[in-house]
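Overview (structure and organization)
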Amino acid sequence: MGLLTILEFPDERLRKQAAEVKVVDAAIKSLVGDMFETMYEAHGVGLAATQVDVHRRVIVIDTSEEKNDPLCLINPIILSRNGETESNEGCLSVPGFFEPVLRSDLIRVKALDAQGESFELDAEGLLSVCIQHEMDHLQGKLFVDYISSFKRQRIKKKLEKSHKLGI
Ligand code: NI
């Protein structure tokens, strides 16, 4: 296992479309392990493979307080959505910035787990928001795409400046 490098906005690789996982093989299982390690180390609640420059439909999440409830979703599909909820979102690829985003409140998701077994899950609140946020990453979409272009440009300039300074 090992830590992976997290790409940061406005890196163009965050805009790539992730491909379906055909077989949950040893390479995918190893990726899932590394993604969990990377997410926990960065104190995140979710991480998509896109963020570590692997363009496969793999997501890891842990929204628990104790960080003891790992959830892996491979090839996730949203089967149904209900209601709306707005919350302040952040992202390991947009460090230091939080903005309100409107999402579906309740979702039903179908995915494969880390062993390649199919399962369905009803999610609400933070877990629901987190799954939707991570699924956006797999399509090359970031939470800053939902805010005004003025705010997005401001965040982009600040992050570009810190990348240039190497911080
Ligand atoms: Ni994110």
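Calculation notes
Throughout this document, residue positions are counted from 1 along each chain, in the order its sequence is written. Under the rules for a predicted model, residues below a pLDDT of 70 receive no local features and side-chain atom pairs below 80 are neither given nor counted, while totals for whole chains, interfaces and linings still include all residues. Only hydrogens and water are set aside when side-chain values are computed; all heavy atoms of the structure are taken into account. Numbering goes from the N terminus for both helices and strands, where a helix is a DSSP run of H or I of at least four residues and a strand is a run of E of at least two. Residues count as neighbours in contact if any of their non-hydrogen atoms are within 4.5 Å of one another. Here the open area of atoms and residues is found with the Shrake-Rupley method and a 1.4 Å probe, where only the protein chains shown may cover a residue. A residue counts as positive if it is Lys or Arg and as negative if it is Asp or Glu; His and the chain ends are not included. The atom standing in for a charge is NZ when the residue is Lys, CZ when it is Arg, CG when it is Asp and CD when it is Glu. For two strands to count as paired, DSSP must find a minimum of two bridges between them. By nonpolar core we mean a set of buried residues, namely Ala, Val, Leu, Ile, Met, Phe, Trp, Tyr and Cys, connected to one another through side-chain atoms within 4.5 Å. With a 1.4 Å probe rolled over the protein chains alone, any residue whose accessible area is under 20% of its type maximum counts as buried; one over 50% counts as exposed, and the rest are partly exposed. Working rule for helices: expected span equals 1.5 Å times residues minus one. The term salt bridge refers to a pairing of a side-chain nitrogen on Lys or Arg with a carboxyl oxygen on Asp or Glu at a separation within 4 Å. Here a polar contact means two N or O atoms within 3.5 Å. Within protein one must be a hydrogen donor candidate and the other an acceptor candidate, and residues neighboring in sequence count only if both atoms are side-chain atoms.

A short note on the overall build of the protein
Within the protein, the regular secondary structure consists of 3 helices and 5 strands. Ordering the α and β elements of the protein from the N terminus gives α-β-β-β-β-β-α-α. Referenced to the eigenvectors of the C-alpha coordinate spread, the extents of the protein come out at roughly 45 × 40 × 30 Å. Taking contacts inside the protein between residues at least 6 apart in sequence as the whole, the part at least 24 apart equals 64%. As presented, the protein carries roughly 8900 Å² of accessible surface, and 50% of it is formed by carbon and sulfur atoms. Each charge sign in the protein was given a centre, from 21 positive and 27 negative side chains, and these centres are 9 Å apart.

So, the pairing of strand 4 (residues 99-112)
In this sheet, strand 4 lies alongside strand 3 (residues 71-89) in antiparallel orientation, the contact comprising 12 bridges. Its bridge partner being in strand 4, Glu86 is matched across the sheet by Leu102. Here 7 bridges tie strand 4 to strand 5 (residues 118-124), and the two strands are oriented antiparallel to one another. Directly across from Val109, in strand 5, lies its bridge partner Leu121. From the end of strand 4 to the start of strand 5, which pair antiparallel, there are 5 residues, and Gly116 there has a positive phi angle of about 90°.

Quick word on the nonpolar core
If you look at the biggest cluster of nonpolar residues, it comprises 17 residues, and the most contacted ones within it are Val32, Met35, Leu47, Val58, Val60 and Ile74. Of all the elements in the fold, those that place two or more residues in this core are helix 1 (26-41), strand 2 (58-61) and strand 3. The element that contributes the greatest number of residues to this core is helix 1, accounting for 6 residues. With 15 residues, the next largest nonpolar core counts Ala18, Val109, Ala111 and Leu138 among its residues.

A short note on helix 2 (residues 125-138)
Along its 14 residues, helix 2 runs 21 Å from first to last C-alpha, staying within 8% of the 20 Å computed at 1.5 Å per residue. The buried count for helix 2 comes to 12 of 14 residues, which makes it a mostly enclosed element. Turning to helix 2, its buried residues number three or more, namely Leu127, Ser128, Val129, Cys130, Ile131, Gln132, His133, Glu134, Met135, Asp136, His137 and Leu138. Against the buried residues of helix 2 lie strand 1 (46-48), strand 2, strand 3, strand 4 and strand 5. Among the residues trailing helix 2, Gly140 stands out with phi positive, at a value near 75°.

Here's the deal with the pattern of salt bridges
Enumeration over the complete set of coordinates arrives at 8 salt bridges. Where Asp145 meets Arg15, a salt bridge forms, and the shortest distance between an N and an O atom there is 2.8 Å. Placement of the pair is Asp145 in the loop between helix 2 and helix 3 (149-164) and Arg15 in the segment before helix 1, with a sequence separation of 130 residues. Classification of Asp145 by relative accessible area gives partly exposed; the value is 27%. Looking at Arg15, the relative accessible area reads 29%, which means it is partly exposed.

Considering the side chain of Gln51
Considering the arrangement of structural elements, one finds Gln51 in the loop between strand 1 and strand 2. Of note is the side chain of Gln51, whose polar atom sits 2.9 Å from the backbone nitrogen of Ala48.

Focus: the environment of Val144
Summarising the element assignment, Val144 is placed in the loop between helix 2 and helix 3. Classification of Val144 as buried rests on a relative accessible area of 0%. The sequence separation of Val144 and Lys156 amounts to 12 residues, and the corresponding C-alpha distance is 9.5 Å. Setting aside residues up to four positions removed in sequence, Val144 forms contacts with Phe9, Val94, Arg152 and Ile155.

Side note on the side chain of Glu89
Counting through the fold element by element, Glu89 comes out in strand 3. Ignoring sequence-local partners within four residues, the contact set of Glu89 consists of Phe97, Phe98, Glu99, Val101, Arg103, Val129, His133 and Phe143.

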